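Overview (structure and organization)
Chain by chain, the residues run as shown.
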Amino acid sequence: MANTPQRVEHQMTDKGYVPVYTTAVVEQPWASYTPTDHATWATLFARQQALLPNRASQTFLDNLSHMDMRADGIPKFDDLNPVLRRTTGWELVGVEGLLPELTFFDHLANRRFPVTWWIRKPEQLDYLSEPDLFHDLFGHVPLLMEPVFADYMQAYGQGGVRAHARGADALAQLTRLYWYTVEFGLIREPAGLRIYGSGIVSSKGESIHCLESSAPNRIGFDLRRIMQTRYRIDTYQKTYFVIDGYQQLMDATSVDFAPIYDELAANQSFPAGEVQASDNVFNRGTGEGWLDDGDV
Ligand SMILES: [Fe+2]
């Protein structure tokens, strides 16, 4: 069994110089994980578990405990899949890393969530430029147990297949929706603002920053606004968008985006940190520590 990810090449994209992996679904090479790999998982898991109560969405926390995801070592996809299939009909498939967009959308449209099988090195606990197993599994999978969010992810995949056929502008707009919801979304719950974005719940630093720092904007969810907003891939986000509930995501995504793409085609995109007059602003960021360039 291979124990190193099969990178095919690197490619320059709008997100920078990124590795390209084989697109095939692979068996999780569980026996090849080293004691260090398991210890990395356990360290990251314990760190986030201590940090996330009163910060992460209660739905995320409840599902994390219902899934019985192992804390002491890397879980087996085969142990998690029966629970996931029974709850929302999703299943995890192992992959080597980031997938081409259409392959990724096709998985989601069929309720398969691709999970990178390899885990970061101990010296990368705090930052990694591409998704690894901890991000994909700990960050994404608990919310796939939430029925409405699970439907949203499938609808997003179906929308992705349509956007891909339309071209680069539609894809860029749709990708911003994923970024600002699935990866970096906040939700308003009865107890206050909470995190549901996987990019945040899998990051110690951003779990604190997104809620407690005065630097970023926190703005109410607005589909068109998000689709026009550039984002950061190398720093904390300058703006977080806040939903009122998971149904809001599903409602916004259950329509065909074609007329919206037409409507937005002539519009400029917004810088990641700029507040617009029409925004429902929960917090106007101070902008402290922001870099001026680098929005994608
Ligand atoms: Fe992710």
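Anything mentioned here points back to the structure above.
Residues numbered from 1 in each chain as written. Predicted model: local features only at pLDDT ≥ 70, side-chain atom pairs only at ≥ 80, totals over all residues. Heavy atoms only, no water.

Each helix and strand counted, the protein chain has 12 helices and nine strands in total. In terms of overall size, the protein chain behaves like a compact globule, its C-alpha atoms giving a radius of gyration of 18 Å where 296 residues would be expected to give roughly 19 Å. The principal-axis extents of the C-alpha atoms in the protein chain amount to approximately 55 × 40 × 35 Å. Expressed as a percentage of the 296 residues in the protein chain, the buried residues total 53%. Across the protein chain, every contact between residues at least 6 apart in sequence was considered, and the portion connecting residues at least 24 apart equals 69%. For the protein chain, the accessible area works out to roughly 12900 Å², and carbon and sulfur atoms hold 50% of it. The averaged location of the 38 negative side-chain charges in the protein chain is 2 Å from the averaged location of its 25 positive side-chain charges. (Helix = DSSP H or I, 4+ residues; strand = E, 2+ residues; numbered from the N terminus. Rg over C-alpha atoms; globule rule 2.2 N^0.38 Å. Buried < 20%, exposed > 50% of the residue type's maximum accessible area, 1.4 Å probe, protein only. Contact = heavy atoms within 4.5 Å. Areas by Shrake-Rupley, 256 points an atom, 1.4 Å probe, with all protein chains shown as cover. Lys, Arg positive; Asp, Glu negative; His and termini not counted. Charge placed at Lys NZ, Arg CZ, Asp CG, Glu CD.)

The subject of this paragraph is the sheet that holds strand S7 (residues 217-220). With mixed pairing, the five strands of this open sheet are ordered in space as S6-S5-S8-S7-S9. Edge strands, defined here as strands with exactly one partner in the open sheet, are strand S6 (192-195) and strand S9 (281-283). Taken pair by pair, the neighbouring strands of this sheet meet at an average axis angle of 35°, ignoring direction. Strand direction decides the pairing type here: S7 and S9, joined by two bridges, are antiparallel. Paired with Ile-219 across the strands is Val-281, a residue of S9. Against the sheet, helix H9 (residues 204-212) touches strand S5 (186-189), S6, S7 and strand S8 (239-243), its axis set at about 155° to S6. (Pairing = 2+ DSSP bridges. Axes fitted to C-alpha atoms, helices over the stretch in contact; angles between N-to-C directions.)

With that settled, the discussion passes to the packing of helix H1 (residues 35-51) against helix H5 (residues 133-140). It is at 11 Å that the axes of H1 and H5 come closest, and there the two elements cross at 35°. Handedness of the H1/H5 crossing: right-handed. Touching Trp-41, Leu-44, Phe-45 and Gln-48 of H1 are Leu-133, Phe-134, Leu-137 and Phe-138, all from H5. A class-by-class count of the residues in the contact of H1 with H5 yields seven nonpolar, one polar and no charged. (Left-handed = near helix turned anticlockwise from the far one by under 90°. Nonpolar A, V, L, I, M, F, W, Y, C, P; charged D, E, K, R; others polar.)

Donor atoms from the polypeptide that bind the iron ion are His-135 (NE2), His-140 (NE2), Glu-183 (OE) and Glu-183 (OE), placed at 1.9 to 2.8 Å. Here the iron ion binds four donor atoms, and the angle range of 52 to 133° at the metal identifies the geometry as irregular. In terms of primary sequence, the donors binding the iron ion are separated according to H-x4-H-x42-E. In this pair, His-140 is assigned in helix H5 and Glu-183 in helix H7 (residues 168-183), connecting sequence segments 43 residues apart. Residue classification places Glu-183 among the buried positions, given a relative accessible area of 10%. (Donors = N, O, S within 2.8 Å, 3.2 Å for Na, K, Ca; no water. Tetrahedral: all angles 85-135°; square planar, octahedral: opposite > 155°, others 65-115°.)

This paragraph deals with H9. For H9, the set of buried residues is Glu-206, Ser-207, His-209 and Cys-210. Of the surrounding secondary structure, the elements contacted by the buried residues of H9 are H1, S5, S6, helix H8 (198-201), S7 and S8.

Moving on to the packing of aromatic side chains. Tallied over the full model, the rule gives 19 aromatic pairs. Ring geometry for Tyr-33 versus Trp-117: centroids 6.3 Å apart, planes at 45°, classification tilted. You can see Tyr-33 sitting in the loop between strand S2 (16-21) and H1 and its partner Trp-117 sitting in the loop between strand S4 (112-116) and H5, a full 84 residues away along the chain. Judged by relative accessible area, Trp-117 falls into the buried class, the value being 4%. Here Tyr-196 and Tyr-246 contribute two aromatic rings whose centre-to-centre distance is 5.6 Å and whose plane-to-plane angle is 90°, an arrangement assigned as edge-to-face. Here Tyr-196 is found in the loop between S6 and H8, whereas its partner Tyr-246 is found in helix H11 (residues 246-253), with 50 residues between them in sequence. (Phe/Tyr/Trp six-rings, centres within 6.5 Å; stacked < 30°, edge-to-face > 60°.)

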